[in-house]
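Chain by chain, the residues run as shown.
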Amino acid sequence: VASMNPSPSGDFYIEEGDIVFAQYKKAEGLKGFYSFFIDASESEDLEVVIEPELLEDISRNIHYPFSVLSNKLDKVLQRYKSAQRNRPPGHIKLMVNPGFISQGEPVSSNEYDLLLTISDYSKVSDIYENSPLIAFEITDALVSLRKKNAIRVLKVPKKVETGV
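Residues numbered from 1 in each chain as written. Predicted model: local features only at pLDDT ≥ 70, side-chain atom pairs only at ≥ 80, totals over all residues. Heavy atoms only, no water.

Draft legend 1. Quick look at the pattern of salt bridges. Within this structure, the stated rule accounts for five salt bridges. Lys25 serves as the salt-bridge partner of Glu129, at 3.5 Å between the closest nitrogen and oxygen. Note that Glu129 is positioned in helix H5 (residues 124–130) and Lys25 in the loop between strand S2 (18–24) and strand S3 (27–28), a separation of 104 residues in sequence. On the basis of relative accessible area, Glu129 is assigned to the partly exposed category, the value being 42%. Given the relative accessible area of 30%, Lys25 is considered partly exposed. Measuring nitrogen to oxygen at the nearest pair gives 2.8 Å for the salt bridge that ties Glu111 to Lys148. Of this pair, Glu111 sits in helix H4 (residues 109–120) while Lys148 sits in the loop between helix H6 (135–147) and strand S5 (151–154); the two residues are 37 residues apart in sequence, bridging distant segments of the chain. (Salt bridge = Lys/Arg side-chain N within 4 Å of Asp/Glu carboxyl O. Helix = DSSP H or I, 4+ residues; strand = E, 2+ residues; numbered from the N terminus. Buried < 20%, exposed > 50% of the residue type's maximum accessible area, 1.4 Å probe, protein only.)

In structure tokens form, the structure reads like this:
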């Protein structure tokens, strides 16, 4: 799998008709598989390159037959589409609320992963691009963290027009 940039953005291995390994962006296994198809459903710029090769002992990270994987993918795509209405605009910047961290309120594993991502990337589009979570998991965790007052929106300056 390759995107419009020259470096590959993912790998999928097929063995006897079943996908046995997936890695896409920063996600592996089912998350990598789902993330690829979510991106593919939204983009016309995605390019798939198939290179048959013999592989020695790969570490299998998907353990479902293709029929089961296909059904699971349908459910994931439905969840993704329903979460889209809550997805914040990409230009917004977020930050972790320091008071929330000092309170020590419990968070889910997805919320924790997202807090780590937000600590590295503040812009929403960068968060979606660099998080190991699936897009709808990011959206759900953002909504939950916002309700817990764990994150806050930074004021985004309006674009200044120049006379160029």
